[in-house]
Amino acid sequence: EAGVTQFPSHSVIEKGQTVTLRCDPISGHDNLYWYRRVMGKEIKFLLHFVKESKQDESGMPNNRFLAERTGGTYSTLKVQPAELEDSGVYFCASSQDSYHSGNTIYFGEGSWLTVV
Amino acid sequence: DQQVKQNSPSLSVQEGRISILNCDYTNSMFDYFLWYKKYPAEGPTFLISISSIKDKNEDGRFTVFLNKSAKHLSLHIVPSQPGDSAVYFCAASDGLDQGGSEKLVFGKGTKLTVNP
């Protein structure tokens, strides 16, 4: 069974450009999460989807970030326009049900974003 | 304001000995705690968790201890193996109660090196 897949694995863009990150969760997982780790800092929550609905988007830093999950399958995270401080690793994770029920959250390998 | 703190950025132990990784938190609403392990260029992998109603949870070589009054938890690895060398993240959430958030709040991580 495939794990959480993220694309691209690495991206270098100029300040002001747009980047779209994609996440394919494990098949059948209703819960999808986006996290971000800026260099040297902790991993921070961005948002949580349950199927196609945004359950919690309290971690989204500003309106330059837009996440979607059309059809409740894969998700995209768009940064437009990108700023230097957006550089970091963007992790996607998924779980079949709430991890509080004992379900494991599986993380992808991350998408490294460098804004120059 | 960091709610989950891992004050030791690194730890080095000898193979076969015990590794103790520490984590402190400030938010008394946290009721579920997790440890993740991360290898370079990979996403975090779930290791072990504990709810606030327990003070200890064990899984093979890994044991997590929770001291709620001190707002402190620790991960013990016995015996340590070279393959355990990785960055270990402590994470917490306040979502066990109905209506709580699913988001995880991470510490900055501790890099464990197990020397052969």
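Here, every reference points to the structure presented above.
Let me sum up the structure you'll find in this document. Being a predicted model, the structure only gives us computed values, none of them experimental.

### Examining the overall build of chain A
Moving on, step 1. Helix and strand counts for chain A come out as zero helices and eleven strands.
Moving on, step 2. In chain A, the succession of helices and strands from N to C terminus is β-β-β-β-β-β-β-β-β-β-β.
Moving on, step 3. In terms of C-alpha radius of gyration, chain A reaches 13 Å, essentially the compact-globule figure of 13 Å for 116 residues.
Moving on, step 4. Taking the principal axes of the C-alpha coordinates as reference, chain A spans close to 40 × 25 × 25 Å.
Moving on, step 5. Within chain A, the proportion of its 116 residues that are buried is 48%.

### Thoughts on the sheet that holds strand E7 (residues 65–68) of chain A
Through backbone hydrogen bonds, the strands of a sheet pair up, either in parallel or in antiparallel fashion.
All names here are of chain A.
Moving on, step 1. One open sheet holds the four strands; their spatial order is E1-E3-E8-E7, and the pairing between them is antiparallel. Each edge of the open sheet is held by one strand with a lone partner, namely strand E1 (5–7) and E7. In this sheet, neighbouring strand axes are inclined to one another by 15 degrees on average, regardless of whether the strands run parallel or antiparallel.
Moving on, step 2. Here E7 pairs with strand E8 (residues 75–79) via four bridges, running antiparallel. Bridge pairing in E8 places Phe 65 opposite Val 79.

### Re the packing of aromatic side chains
Moving on, step 1. Considering all chains together, one arrives at twelve aromatic pairs over all chains under this definition.
Moving on, step 2. A centroid spacing of 5.4 Å and a plane angle of 80 degrees characterise the contact between Phe 107 of chain A and Tyr 36 of chain B, whose relative ring orientation is edge-to-face. Here Tyr 36 of chain B lies in strand E4 (residues 32–38) and Phe 107 of chain A lies in strand E10 (residues 106–107), a pairing that spans two chains. Like Tyr 36 of chain B, Phe 107 of chain A is buried.
Moving on, step 3. An aromatic cluster of at least three residues, connected via ring pairs, comprises Tyr 35, Phe 45, Phe 91 and Phe 107 of chain A together with Tyr 36, Phe 46, Phe 89 and Phe 106 of chain B.

### A short note on the interface of chain A and chain B
Moving on, step 1. Counting residues at the interface gives 20 residues for chain A and 21 residues for chain B.
Moving on, step 2. For the pair chain A and chain B, the summed buried area comes to about 1,800 Å², and 59% of that belongs to carbon and sulfur atoms.
Moving on, step 3. Seen at the junction of chain A and chain B, the total is two residue pairs in polar contact (both at pLDDT 80 or more).
Moving on, step 4. At the level of secondary structure, the elements contributing two or more residues to the side of chain A that touches chain B comprise strand E4 (31–37) and strand E5 (43–50) of chain A.
Moving on, step 5. In the side of chain A that touches chain B, the residues fall into eight nonpolar, seven polar and five charged.

### Looking at the sheet that holds strand E7 (residues 62–67) of chain B
All names here are of chain B.
Moving on, step 1. As summarised here, the arrangement of the five strands in space is E1-E3-E8-E7-E6, forming an open sheet in which the pairing is antiparallel. In the strand order of this sheet, the two ends are held by strand E1 (4–5) and strand E6 (56–59), each with one partner.
Moving on, step 2. Direction of pairing for E7 relative to strand E8 (residues 72–77): antiparallel, over a ladder of six bridges. Residue pairing for E8: Phe 65 is matched across the bridge by Ser 74.

So, how was this worked out
- Residues numbered from 1 in each chain as written.
- Chains lettered and ligands numbered in written order.
- Predicted model: local features only at pLDDT ≥ 70, side-chain atom pairs only at ≥ 80, totals over all residues.
- Heavy atoms only, no water.
- Helix = DSSP H or I, 4+ residues; strand = E, 2+ residues; numbered from the N terminus.
- Rg over C-alpha atoms; globule rule 2.2 N^0.38 Å.
- Buried < 20%, exposed > 50% of the residue type's maximum accessible area, 1.4 Å probe, protein only.
- Pairing = 2+ DSSP bridges.
- Axes fitted to C-alpha atoms, helices over the stretch in contact; angles between N-to-C directions.
- Phe/Tyr/Trp six-rings, centres within 6.5 Å; stacked < 30°, edge-to-face > 60°.
- Contact = heavy atoms within 4.5 Å.
- Buried area = accessible area lost by both parts, 1.4 Å probe.
- Polar contact = N/O pair within 3.5 Å; in protein donor to acceptor, adjacent residues only side chain to side chain.
- Nonpolar A, V, L, I, M, F, W, Y, C, P; charged D, E, K, R; others polar.

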